[in-house]
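Residues per chain, in single letters:
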Amino acid sequence: MADVYREEARDLPVMAETDVVVAGGGPGGLGAAIAAARSGAQTILVESQGCLGGQATAALVVTWSSSWRGGLYGEICARLWKDGAIVKPTSGGTDVETVKRLFDELALEAGVSLLFNAWAAMPIVEKGRATGVIVESKSGRQAIRAKRVVDATGDVDLAARAGCPFHKGRDKDGLLQPSSLMFRMGGVDKSQAVEVGSFEDNVELGGGGAQDLARAYSDRGELPEFVRHTLVYFLPATGEVMINMTNIPHVDATKLQDISRAYIELRRQIPAVAAFLRAEMPGFKDAYVVDSGWLLGVRETRRIVGSYILSKDDVMAGRRFEDGIGQALFAVDIHDVAGDRGTSAERPRRHYEIPYRCLVPENIENLLVAGRPISATHEAHASLRVIPICIGIGQAAGTAMAMSLEDHAAPRQVDGAGLKRRLATMGVAFED
Ligand SMILES: Cc1cc2nc3c(=O)[nH]c(=O)nc-3n(C[C@H](O)[C@H](O)[C@H](O)COP(=O)(O)OP(=O)(O)OC[C@H]3O[C@@H](n4cnc5c(N)ncnc54)[C@H](O)[C@@H]3O)c2cc1C
């Protein structure tokens, strides 16, 4: 057995008692907290970074895909569009500072109490029920007691520590999608530059196709081994773009050593990528690196096992469910787990629904999951993991928690069809 240090048991101060505590303030968590608070539940959100948004802000994943119908996501986009802080009405590059402020405002307007730089370290579980969270912060280790807990950590840290079953990666070998570190460049002449929005977009850059050139550079060792594609997105600010090109496979972002190795390697890749773009992309002659994400770009870690597991077949067929929480449409977008063969992106035939049961983990009561690690296969996860869908999942989780409090029933008992009807009254669009 590895060497162990036995920590002494000690009493923790209870910092707060609340109806709902949400751990993690990414798209899933902010959706859950805002929805729960708007429905009248006293809500605390615990976020380890200094802002809301998770990957969408701290990791600089500042380009959003239009993939969800209506609801809170629609509201967020309408406000960003009005402020000129999103490139298209419901998708595209966003202005990250405006987004961070908007998320604060929406949470505060709803009445959410925000705790930043606070780490949800452990769930409190009593008699099989989640009854709060232990928080680590500058103030030390404290407890928050709560009637309901939402795990929106992106990695289901709390559900996993509570003993809920989960899967990780592909069925056959557990390999996960690669990680990336987003970075922004400024000084770009957008009248000459072109957006390259997908691995399939081999747009001509003058010296060759965007994807062909990246592969050739990588083969010659002028781009890193696993950087074999070009992805460039325009942002609202003049001369600014976001680059999604750094790439590292074989990283399990639930492991400290892997996370640390990934930051170092991905930061090291940035100068070569910037040099490639300056050399090959029109309008990039004077372009410079503005900044990179201060949170690692993680596509996939754990996925909980709920009472329903969403499958690729559900996604591709555009399946509808009695307890569907909204309608999603995004490709099954799997970046090669070995890091060198690009991506496979299969597009569903029509919008599909996510059943509420995918948010309800096994083996615990009073805990729901919001965001990318809901109950789904590796393939279905590759579609539902995008920002708009995670906000929609969050809105459903928060609303379900409020309903369960109103009904004095466990979240597992919430009537899924009733939840669907209630979400529809909140602008979540169920069409065709
Ligand atoms: C490289 C890359 C490119 C992408 N491109 C796009 C794209 O073009 N369009 C799109 O729509 N989506 C894109 N995505 C997907 C999307 O960004 C994420 O899947 C989505 O943000 C997941 O939301 P989430 O809330 O589940 O998790 P996250 O965004 O990861 O949020 C989790 C939050 O929880 C916090 N947290 C974690 N653990 C704890 C803890 N123990 N205690 C307290 N807080 C904690 C984190 O700091 C974070 O704020 C991309 C992702 C990556 C990595």
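Note that the structure is a prediction, hence the values are computed from the model and not measured.

### Re the pairing of strand β1 (residues 14-23)
Link 1 in the chain: Of all 10 residues in β1, 7 are buried, a share of seventy percent or more.
Link 2 in the chain: Pairing analysis gives 8 bridges linking β1 to strand β9 (residues 140-151), with the strands arranged parallel. When the sheet's bridge partners are listed, V22 is paired in β9 with V150.
Link 3 in the chain: The pairing of β1 with strand β2 (residues 43-46) spans 4 bridges and is classified as parallel.

### Considering the nonpolar core
Generally speaking, a soluble globular protein has its nonpolar side chains buried in company with each other.
Link 1 in the chain: Formed by 135 residues in total, the largest nonpolar core has its most connected members in F284 and I354.
Link 2 in the chain: No other element matches helix α9 (residues 387-406), which puts 10 residues into this core.
Link 3 in the chain: Both domain 1 (14-172 + 300-425) and domain 2 (183-292) contribute no fewer than three residues apiece to this core.

### Points about the sheet that holds strand β14 (residues 288-292)
Link 1 in the chain: With respect to topology, 4 strands assemble into an open sheet ordered β12-β13-β11-β14, the strand pairing being antiparallel. A single partner strand is all that each edge strand has here, and the edge strands are β12 (232-234) and β14. Looking at each pair of strands side by side, their axes are set apart by 30 degrees on average, direction ignored.
Link 2 in the chain: In this structure, β12 lies alongside strand β13 (residues 241-243), joined through 3 bridges in antiparallel fashion. Looking at β13, one finds that Y233 is bridged to M242.
Link 3 in the chain: Where helix α6 (residues 256-280) meets the sheet, it contacts β11 (183-186), β12, β13 and β14, and its direction lies at approximately 40 degrees from that of β11.

### A closer look at helix α3 (residues 96-110)
Link 1 in the chain: When the terminal C-alpha atoms of α3 are compared, their 21 Å separation across 15 residues agrees well with the 21 Å that a helix rising 1.5 Å per residue should span.
Link 2 in the chain: Of all the positions in α3, only V96, T98, V99, K100, L102, F103, L106, A107 and A110 are classed as buried.
Link 3 in the chain: In the core, the buried residues of α3 are packed alongside α1 (27-38), β3 (63-64), α2 (71-82), β5 (91-94), β6 (113-115) and β11.
Link 4 in the chain: Just beyond α3, the residue with positive phi is G111, at close to 100 degrees.

### Notes on empty space enclosed by the protein
Link 1 in the chain: Considering all chains together, one arrives at 1 cavity of 30 Å³ or more under this definition.
Link 2 in the chain: By volume, the largest cavity is sized at about 30 Å³.
Link 3 in the chain: Lining of the largest cavity is provided by V62, T94, D95, V96, R184, L235, A237 and E240.
Link 4 in the chain: Its residues assigned to classes, the lining of the largest cavity comprises 4 nonpolar, 1 polar and 3 charged.
Link 5 in the chain: Residues from two domains meet in the lining of the largest cavity; each of domain 1 (14-172 + 300-425) and domain 2 (183-292) gives at least three.

### Overview of the domain arrangement of the chain
Link 1 in the chain: Taken domain by domain, the chain holds domain 1 (14-172 + 300-425) and domain 2 (183-292).
Link 2 in the chain: A C-alpha centroid distance of 29 Å is found between domain 1 and domain 2.
Link 3 in the chain: Contacts between the two partners involve 23 residues from domain 1 and, on the opposite side, 18 residues from domain 2.
Link 4 in the chain: The three residues of domain 1 that bury the most area against domain 2 are L60, T63 and G339, which together make up 27% of that side's buried surface.
Link 5 in the chain: Our enumeration of links across domain 1 and domain 2 arrives at 1 salt bridge.
Link 6 in the chain: Linking D252 and K168 is a salt bridge whose minimum nitrogen-to-oxygen distance equals 2.6 Å.
Link 7 in the chain: In this assembly, domain 1 and domain 2 are joined by 3 residue pairs in polar contact (both at pLDDT 80 or more).
Link 8 in the chain: Those elements that provide at least two residues to the side of domain 1 that touches domain 2 are β4 (86-88) and β5.
Link 9 in the chain: Of the residues in the side of domain 1 that touches domain 2, the class split is 9 nonpolar, 9 polar and 5 charged.

Conventions and cut-offs
- Residues numbered from 1 in each chain as written.
- Predicted model: local features only at pLDDT ≥ 70, side-chain atom pairs only at ≥ 80, totals over all residues.
- Heavy atoms only, no water.
- Buried < 20%, exposed > 50% of the residue type's maximum accessible area, 1.4 Å probe, protein only.
- Helix = DSSP H or I, 4+ residues; strand = E, 2+ residues; numbered from the N terminus.
- Pairing = 2+ DSSP bridges.
- Core = buried A, V, L, I, M, F, W, Y, C linked by side-chain atoms within 4.5 Å.
- Domains from an automatic or database assignment.
- Axes fitted to C-alpha atoms, helices over the stretch in contact; angles between N-to-C directions.
- Contact = heavy atoms within 4.5 Å.
- Expected span 1.5 Å × (residues − 1).
- 1 Å grid on protein atoms, 1.4 Å probe; cavity = no way out; pocket = protein on both sides within 12 Å on 5 of 7 lines; lining within 4 Å.
- Points joined across faces, edges and corners; volume = space filled by probe spheres on them.
- Nonpolar A, V, L, I, M, F, W, Y, C, P; charged D, E, K, R; others polar.
- Buried area = accessible area lost by both parts, 1.4 Å probe.
- Salt bridge = Lys/Arg side-chain N within 4 Å of Asp/Glu carboxyl O.
- Polar contact = N/O pair within 3.5 Å; in protein donor to acceptor, adjacent residues only side chain to side chain.

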